[in-house]
Amino acid sequence: MPDPSAPPLQLDAESIGADYRRVIETTLARSEMEPPQPYPYRALALTLRRRLVQRWNETRRERHETFPRRTHYLSFEYLLGRALRNAALNLGVTDETTKAMEAIGLDLEEIAEEERDPGLGNGGLGRLAACFLDSCATLGLPVIGYGLRYRYGLFRQTIRDGYQVEEPDIWLAEPYPWEVKRSDLSQVVHFGGRTERRVDHTGRTRVEWVDTKEIVAEPFDIPIPGYKNAVVNTLRLWSATATQEFDLGEFNAGSFPSAVSSRQKAETITAVLYPNDSNERGVELRLRQQYFLAAASLADTFRRWHKEGSGEFDDFAEKHCFQLNDTHPAVAIPELMRILLDEYGLGWEQAWEITSSTMAYTNHTLLPEALETWSVELFERLLPRPLEIIYEINARFLSEVAQRWPGDVDRQARMSLIAEGPTRRLRMAHLAVVGSYSVNGVAKLHSDLLRRDVLHDFYELWPDKFSNKTNGVTPRRWLAGCNPGLADLITEGIGEGWVTDLDELEQLAPLADDAAFREQWAVVKRANKERLARLVLDRTGIRIDTSTLFDVQVKRIHEYKRQLMNVLHAIHLYRRIRSGQHEDVQPRTILLGGVAAPSYAAAKKIVKLANNVAAVINADPAVAGRLRVVFIPGYNVSAMEVICPAADLSSQISTAGKEASGTGNMKFMMNGAVTIGTYDGANIEIREAVGPENFFLFGLNATDATALRENYDPQSILD
């Protein structure tokens, strides 16, 4: 526990500057005679981190004393983005830090550009998790995030000859200054082995999971600061390592690779995000990752429970909630049961009451093929004891279904946690629903479709379990942080309360008729477009005209997100301009970006097509000044922070009924872009909020799209 009498570190420019020099000279052992890079970024990060740590320790001390109900947020991804500017913003020291660096002869923006994006996420699910943690800290809620510390992230996307090329994202090549290693809180996770039953001294049958392979889960903590409220929550990421890092016997026998092989095998678990699952080893590694996250996080929860709580289970459910961010951590349900049954000796009914009262599940997909399943054979080989518990959960659940719908064997087969067939498979979404007290979708339409279609049987059984929680994004990063010009303009007009209460933006409505405000807004937009033009030039070598309409679609490449339609639209515009029908064609720059999964062949073809079309259009002098197409490689959070403030038009054109929510649409709208989109996901609620006059709606709704799909004949349309 820190010394409570230690004086707080000050937030003025002089104190920040003095502390920065101290870190450079002592912590980093640098002198003025040595080259500065990359040390200014690390030194400033450590300078701000010291201020966060004081608030972090105080937050933990207060919660240790009061022991409030905690939410443990389990997510396979956290798309955090850069931390330096966000830390300064939430500490309220952006201006003071800028002054401190200027006094030393440094530029804060240049320093911030040295930071690499952490490779801890891929798309909307991971960015939602990051925004969620930011908002919880800002609201002062006791929430701890749990995830995996991927050494190489997903991959770094480059474009060669129009094709996506995946390269390792070595984001941890340099020490990450925002994390704190907590080896003293390491946990041991078990795989493989077998189960044995024995009768204990009370005459009760107990199950032991024996002959397992052990992997150490080592935690690294990242502070998550609230906005100007002195609250700092924790994101705890687990890194895998072997119980024995070095086999001296193997080394002395001359088998040098074998001496470190156990460590290398263990570390594979947290090497990359989403290993390629087109082969058996990749599939197995994904399951290992998921159980590793769940087991380590629950073990850590029980460690804290014994330290802070009573250690009794009468009020365990009142003090704990486990939020499952999609099905990746759903194995936490049988793992919690295993701990309660096998390690603490609870009976099934009490253990199940605790588990089903503390687990909550957020669904992120409407695509049946994206609902995760695992081969029973693989699960049994890796996790024999959790599988036994799943069998028992399923037997008791199907008994409940049979009582509700006697004789309806088809319904039992549909709802079972086990899909029977040549290869029996575990349905993780079914497990998540059965084991949770709350199930939510992430947009109104998405939640309605879950009830009506994807999880309809479960909704009929437990209608009160289902609710909607429309996704959101933090206005701290996605407006105040990434668009300071617009943020200052808004604050000047209505005050800064909007930073924590977006409803206050409604006060801007009268300013739409203020000519001076509109001109200031246009100046900010032009500056943002110029900044994006520089990024595009740097990454692609293509110059874009900032006077054109910036039509932007950046997100994970997927068929249902319909980047293909956007490319076809570019071809359509190109043909119109070439044929002389361009009088009513607004000069436009179409900006695309996003990564395709390495094994997703169709998505990678879309990337190639987009780049080929761009090459043709951009090389044709006949359309110069009227049309340009750019695919921005290496799309990530930091790129989005430049892209969304510059967009004029946001393309949100997913097939209706396919996009769970979408959060890019919110970021664009928040930064003043209008949306062209389908009646899908959060588009529906955005349109209701901003008014139909600020939203260009097109296409079918979800019901009509489903009906069309049954008799869809694209050739007849072409004919």
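On a predicted model such as this, the values are computed, not experimentally measured, just so you know.

S.K.: Could you clarify how one ought to interpret the packing of helix H10 (residues 280-308) against helix H12 (residues 332-343) in this entry?
M.R.: At a minimum axis separation of 9 Å, H10 and H12 run at an interaxial angle of 40°. By the angle class used here, H10 and H12 are oblique. Two packed elements cross with a definite hand, and for H10 against H12 that hand is right-handed. Residues Tyr291, Ala294, Ala295, Leu298 and Phe302 of H10 pack against Ala332, Glu335, Leu336, Arg338, Ile339 and Leu340 of H12.

S.K.: Looking at this model, I keep getting lost on helix H6 (residues 124-138). Mind explaining?
M.R.: Because the α-helix completes a turn every 3.6 residues, residues three or four places apart line up on one side. Spanning 15 residues, H6 covers 21 Å between terminal C-alpha atoms, matching the ideal 21 Å at 1.5 Å per step. Counting buried residues along H6, twelve of its 15 residues qualify, which places the element largely inside the surrounding structure. When H6 is considered as a whole, its buried residues turn out to be Leu125, Gly126, Arg127, Leu128, Ala129, Ala130, Cys131, Leu133, Asp134, Cys136, Ala137 and Thr138. The first or second residue beyond H6 is Gly140, which carries a positive phi of 75°.

S.K.: Looking at this model, I keep getting lost on the pattern of salt bridges. Mind explaining?
M.R.: Close approach of charged atoms lets side chains of opposite charge pair. With the rule as written, the count across this model stands at 56 salt bridges. Residue Arg476 is joined to Asp134 by a salt bridge in which the shortest nitrogen-to-oxygen separation is 2.8 Å. On the criterion of sequence distance, the pair formed by Arg476 in helix H20 (residues 475-481) and Asp134 in helix H6 is long-range, its members being 342 residues apart. Judged by relative accessible area, which is 4%, Arg476 ranks as buried. Asp221 is the partner of Arg236 in a salt bridge, and the nearest nitrogen-oxygen pair spans 2.7 Å. With Arg236 in strand S10 (residues 232-242) and Asp221 in strand S9 (residues 213-225), this residue pair connects regions lying 15 residues apart in the sequence. The class for Asp221 is buried, based on a relative accessible area of 0%. One network of salt bridges, with partners in common, ties together Arg82, Arg85, Glu109, Glu113, Asp117, Arg477 and Glu641.

S.K.: How do you make sense of the sheet that holds strand S15 (residues 425-427) when you look at a structure like this?
M.R.: In space, the three strands of this open sheet follow the order S13-S15-S14, with antiparallel pairing throughout. Edge positions in the sheet fall to strand S13 (373-375) and strand S14 (418-419), since each of these pairs with one other strand and no more. Pairing between S13 and S15: three bridges, direction antiparallel. Bridge pairing in S15 links Thr373 to Arg427.

S.K.: How should the state of the cysteines be read in this particular structure?
M.R.: Here, disulfide denotes a covalent bond that connects the sulfur atoms of two cysteines. In total, this model carries zero disulfides according to the counting rule given. The closest cysteine sulfur to the non-disulfide-bonded Cys131 is located on Cys482, 11 Å from its own sulfur. With relative accessibility at 2%, the residue Cys131 sits in the buried group.

S.K.: Would you mind showing me how to read the packing of aromatic side chains here?
M.R.: When we look at a pair of aromatic rings, we describe it by the centre distance and by the angle of the planes. Counted under the stated rule, the structure contains 19 aromatic pairs. Measuring from centroid to centroid gives 5.1 Å for Trp305 and Phe316, while their planes differ by 80°, and the two rings are edge-to-face. Of the two residues, Trp305 sits in helix H10 while Phe316 sits in helix H11 (residues 316-319), which places them eleven residues apart along the sequence. Its relative accessible area of 0% is what places Trp305 among the buried residues. A ring pair is formed by Tyr459 and Phe466, whose centres lie 5.7 Å apart and whose planes are at 90°; its orientation type is edge-to-face.

S.K.: Even after reading the chapter, I still don't get the side chain of Asn90, so can you show me in this structure?
M.R.: Mapped onto the elements, Asn90 comes out in helix H3 (residues 84-91). Within the local environment of Asn90, its side chain forms a polar contact with the backbone oxygen of Pro225, the two atoms lying 2.8 Å apart. Dropping the residues within four chain positions of it, Asn90 is found in contact with Asp134, Pro225, Gly226, Tyr227, Lys228 and Arg476.

S.K.: Explanation requested: the packing of H12 against helix H15 (residues 384-404) in the structure shown.
M.R.: Packing of H12 against H15 brings their axes to within 9 Å, and their N-to-C directions diverge by 100°. In terms of orientation, H12 lies roughly perpendicular with respect to H15. Touching Ile333, Pro334, Glu335, Met337, Arg338, Leu341 and Asp342 of H12 are Arg385, Pro386, Ile389, Ile390 and Ile393, all from H15. Classifying every residue of the contact of H12 with H15 gives eight nonpolar, no polar and four charged.

S.K.: Help me out: how do you make sense of the nonpolar core in this one?
M.R.: Among soluble globular proteins, nonpolar side chains are generally buried collectively. Leu84, Trp178, Phe292, Phe379, Leu383, Phe397 and Phe458 are the most contacted members of the largest nonpolar core, which has 132 residues in total. The leading source of residues in this core is H10, at eleven residues. Leaving out residues up to four positions away in the same chain, Leu383 has contacts with His190, Phe191, Trp209, Leu287, Tyr291 and Val331. Ranked by size, the runner-up nonpolar core spans 47 residues in total, among them Leu89, Val499, Val552 and Val554.

S.K.: Help me out: how do you make sense of the sheet that holds strand S20 (residues 627-632) in this one?
M.R.: Two modes of strand pairing occur in sheets, parallel and antiparallel, and in both the strands are linked by backbone hydrogen bonds. Strand order in the open sheet formed by six strands is S20-S19-S18-S21-S22-S23, and the pairing between neighbours is parallel. If you trace the sheet from one side to the other, it starts and ends with S20 and strand S23 (695-697), each paired once. For this sheet, the mean angle separating the axes of adjacent strands, direction not counted, is 20°. Those strands touched by helix H22 (residues 515-540) are strand S18 (549-554), strand S19 (588-593) and S20, and its axis lies near 65° from that of S20. Helix H27 (residues 683-690) contacts strand S21 (649-652), strand S22 (674-677) and S23 of the sheet and is inclined by roughly 135° relative to S23.

S.K.: Teacher, can you tell me more about the pairing of S19 here?
M.R.: Side chains on a regular strand alternate between the two faces of the sheet. Where burial is concerned, most of S19 is hidden: six out of the six residues are buried. Residues Arg588, Ile590 and Leu592 point to one face of S19 and Thr589, Leu591 and Gly593 to the other, with burial holding for every one of them. Here S18 pairs with S19 via six bridges, running parallel. Directly across from Phe550, in S19, lies its bridge partner Thr589. Where the polypeptide runs from S18 across helix H23 (residues 563-578) and back to S19, its parallel neighbour, the crossover connection is right-handed. Sheet topology places S19 next to S20; six bridges connect them, and they run parallel. In the sheet register, Arg588 faces S20, and the bridge partner there is Leu627.

S.K.: Looking at this model, I keep getting lost on unusual backbone geometry. Mind explaining?
M.R.: Leave glycine aside and you will find that most residues have negative phi; peptide bonds, for their part, are mostly trans. One non-glycine residue, Asp211, lies in positive phi territory at about 55°. With respect to the element layout, Asp211 can be found in the loop between strand S8 (205-210) and S9. At Asp326, a position not held by glycine, the phi torsion is positive, near 80°. Structurally, Asp326 can be placed in the loop between strand S11 (320-325) and H12.

S.K.: What is the right way to look at the pairing of S9 in this model?
M.R.: For S9, a buried count of eleven out of 13 residues is recorded, marking the element as mostly surrounded by other parts of the structure. Relative to S9, strand S5 (residues 180-181) is paired through two bridges, and the arrangement is antiparallel. Note on S9: the bridge partner recorded for Val180 is Asp221. Here strand S6 (residues 187-191) pairs with S9 via five bridges, running antiparallel. Bridged to His190 within S9 is Glu214.

Criteria and cut-off values
Residues numbered from 1 in each chain as written. Predicted model: local features only at pLDDT ≥ 70, side-chain atom pairs only at ≥ 80, totals over all residues. Heavy atoms only, no water. Axes fitted to C-alpha atoms, helices over the stretch in contact; angles between N-to-C directions. Helix = DSSP H or I, 4+ residues; strand = E, 2+ residues; numbered from the N terminus. Parallel < 35°, antiparallel > 145°, perpendicular 65-115°, else oblique. Left-handed = near helix turned anticlockwise from the far one by under 90°. Contact = heavy atoms within 4.5 Å. Expected span 1.5 Å × (residues − 1). Buried < 20%, exposed > 50% of the residue type's maximum accessible area, 1.4 Å probe, protein only. Salt bridge = Lys/Arg side-chain N within 4 Å of Asp/Glu carboxyl O. Pairing = 2+ DSSP bridges. Disulfide = S-S within 2.5 Å. Phe/Tyr/Trp six-rings, centres within 6.5 Å; stacked < 30°, edge-to-face > 60°. Polar contact = N/O pair within 3.5 Å; in protein donor to acceptor, adjacent residues only side chain to side chain. Nonpolar A, V, L, I, M, F, W, Y, C, P; charged D, E, K, R; others polar. Core = buried A, V, L, I, M, F, W, Y, C linked by side-chain atoms within 4.5 Å. Right-handed = clockwise from strand over helix to strand, strands pointing away.

This is a description of form; function is not addressed.
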